[in-house]
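Chain residues, written in single-letter form:
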Amino acid sequence: MTGEEAESLLAEDAQGAEVISVEVRDERWLARLADGRMAWFPSNAEAAAGLARERRILDLIEARCAFRAPRVRYVSSAGWDVRDPVPGNVDATALYHRAMADEGLARALGARLGEILADQHAIAAQDLRGWLPDRIGWPLPRAGLDENLPKVTADATLLSRCGRLLDAYFDSDAPAQDQVLVHGDLGFHNLALSPGTDRIAGVFDYDGAVFADRNLDFRYLLFDRATTTMLDAAIAAYEPLSGARIDRNRVALFNAASAVGFLAFRDGHAPDEPWCGRTLLEDLAWCDLAIARAGF
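Presented here is a report on the structure given in the accompanying data block. (Residues numbered from 1 in each chain as written. Predicted model: local features only at pLDDT ≥ 70, side-chain atom pairs only at ≥ 80, totals over all residues. Heavy atoms only, no water.)

1. Remarks on the side chain of arginine 28
Moving on, step 1. With respect to the helices and strands, the residue arginine 28 is situated in strand E2 (residues 28–33).
Moving on, step 2. For arginine 28, a relative accessible area of 9% corresponds to the buried category.
Moving on, step 3. In contact with arginine 28, other than residues within four places in its own chain, are Glu23, Trp40, Phe41, Ser43, Ala47, Gly50, Leu51, Glu54 and Asp207. (Helix = DSSP H or I, 4+ residues; strand = E, 2+ residues; numbered from the N terminus. Buried < 20%, exposed > 50% of the residue type's maximum accessible area, 1.4 Å probe, protein only. Contact = heavy atoms within 4.5 Å.)

Shown next as structure tokens:
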């Protein structure tokens, strides 16, 4: 899709807008508009269904939650839409390094995420059940992980640990009371800070959201280093607000499964190539730490 093609379609929206860029996002096109809005165009029926599902989630958040998520402003009969983004600054890499170096910042960010998740997880199950997927999309299916891991590392001990970890992960099921609206990919890359501050204004990218275990939304608050400051602060804020308990063992299990998933996803990439933000040595170090933290 070109900018001209996007502008032609956007003429249907009474506000219109000049398109300043178009980029491919999986099976969608994202057009950034001069007025700050974002237009999403599906490339096939499956992508159109995904956009419709995400719009339903965003409408629920706008109606029920205090934090900001993207707001849908126009929906075309052809399945594309126009949204207001979360206003604020997004620099995931810089924020990660700052939080790793500053415990006070990590604690404040964690506490705010705990508040946001308590709000998000309070959306009633009856409004979610039956139309949201109930299985998280990452890591990818077990067969692919088992096939790819030996292509990435020949460390037999690590491969054995990965296998036992994945056995536990794929056998895990959430109690019914722990099934909530899960973002599924909640990390620095999907947060926006209020301009001029370090306060999280809102969350975006609900494309992978599921009706699943609440503990999944805490998995990326454990990092590729030993600190637990951000997770501790998030749990401390979340539990009194939600009335629910977070199971740190399940959070560690989910974090480790994600680490193993990223290691397997390296297949076909050079060891020193940063893939999903890490080199092979960095992926191996995260896996070793995460699997040990999960008890394997």
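Continuing now.
2. A word on the layout of surface pockets
Moving on, step 1. Within this model, the second largest pocket holds a volume of roughly 210 Å³.
Moving on, step 2. Around the second largest pocket, the lining comprises 13 residues; the ones closest to its centre are Asp134, Arg135, Ser172, Ala174 and Ala212.
Moving on, step 3. Breaking the lining of the second largest pocket down by element, the ones donating at least two residues are strand E9 (210–213) and helix H8 (248–264).
Moving on, step 4. By residue class, the composition of the lining of the second largest pocket is six nonpolar, two polar and five charged. (1 Å grid on protein atoms, 1.4 Å probe; cavity = no way out; pocket = protein on both sides within 12 Å on 5 of 7 lines; lining within 4 Å. Points joined across faces, edges and corners; volume = space filled by probe spheres on them. Nonpolar A, V, L, I, M, F, W, Y, C, P; charged D, E, K, R; others polar.)

3. Notes on the sheet that holds strand E3 (residues 38–42)
Moving on, step 1. Ordered by their spatial adjacency, five strands build an open sheet running E1-E2-E3-E5-E4, and the pairing between neighbours is antiparallel. For this open sheet the edge positions go to strand E1 (19–25) and strand E4 (71–75), each flanked by a neighbour on one side alone. Averaged over neighbouring strand pairs, the angle between their axes works out to 25° when direction is ignored.
Moving on, step 2. Two elements, E4 and strand E5 (residues 81–84), share four bridges in a ladder whose sense is antiparallel. Paired with valine 75 across the two strands is aspartate 81, which belongs to E5. (Pairing = 2+ DSSP bridges. Axes fitted to C-alpha atoms, helices over the stretch in contact; angles between N-to-C directions.)

4. Details of helix H2 (residues 45–64)
Moving on, step 1. Taking 1.5 Å as the rise per residue, H2 with 20 residues should run 28 Å; its terminal C-alpha atoms sit 29 Å apart, in good agreement.
Moving on, step 2. Among the residues of H2, those classed as buried are Ala47, Gly50, Leu51, Glu54, Arg55, Ile57, Leu58, Leu60 and Ile61.
Moving on, step 3. For H2, the elements touching its buried residues are E2, E3, E4, E5 and strand E6 (179–182).
Moving on, step 4. The distance from a side-chain oxygen at the start of H2 to the backbone nitrogen of glutamate 46 is 3.2 Å, and the residue carrying that oxygen is asparagine 44. (Expected span 1.5 Å × (residues − 1). Polar contact = N/O pair within 3.5 Å; in protein donor to acceptor, adjacent residues only side chain to side chain.)

5. Topic: the pattern of salt bridges
Moving on, step 1. This model, assessed by the stated rule, comprises 26 salt bridges.
Moving on, step 2. Across the pair aspartate 35 and arginine 37 runs a salt bridge, and its minimum N-O distance is 2.8 Å.
Moving on, step 3. One salt bridge connects arginine 83 with glutamate 54, and the closest N-O pair in it is separated by 3.3 Å. With a gap of 29 residues between them, arginine 83 in strand E5 and glutamate 54 in helix H2 connect regions that are remote in the sequence.
Moving on, step 4. According to the relative accessible area criterion, glutamate 54 is buried, its value standing at 4%.
Moving on, step 5. Residues participating in the shared-partner salt-bridge network are Arg28, Glu54, Arg55, Asp81, Arg83 and Asp207. (Salt bridge = Lys/Arg side-chain N within 4 Å of Asp/Glu carboxyl O.)

6. Looking at the nonpolar core
Moving on, step 1. By size, the foremost hydrophobic cluster in this structure holds 77 residues, and its most contacted members are Ile61, Leu109, Leu165, Phe188, Tyr206 and Phe218.
Moving on, step 2. Here this core takes 11 residues from H8, the largest share from any one element.
Moving on, step 3. Setting aside chain neighbours within four positions, we find phenylalanine 218 in contact with Leu117, His121, Leu231, Ala234, Ile235, Tyr238, Ile246 and Val251.
Moving on, step 4. Among the nonpolar cores identified, the runner-up in size contains nine residues, and Leu10, Val19, Ala31 and Leu33 belong to it. (Core = buried A, V, L, I, M, F, W, Y, C linked by side-chain atoms within 4.5 Å.)

7. Some thoughts on unusual backbone geometry
Moving on, step 1. Tryptophan 138 connects to proline 139 through a cis peptide bond whose omega is 5°.
Moving on, step 2. For proline 139, the location among the structural elements is in the loop between helix H4 (103–121) and helix H5 (142–152).
Moving on, step 3. Notably, cysteine 276 is not glycine yet its phi reads approximately 55°, a positive angle.
Moving on, step 4. Mapped onto the elements of the fold, cysteine 276 is located in the loop between H8 and helix H9 (280–293).

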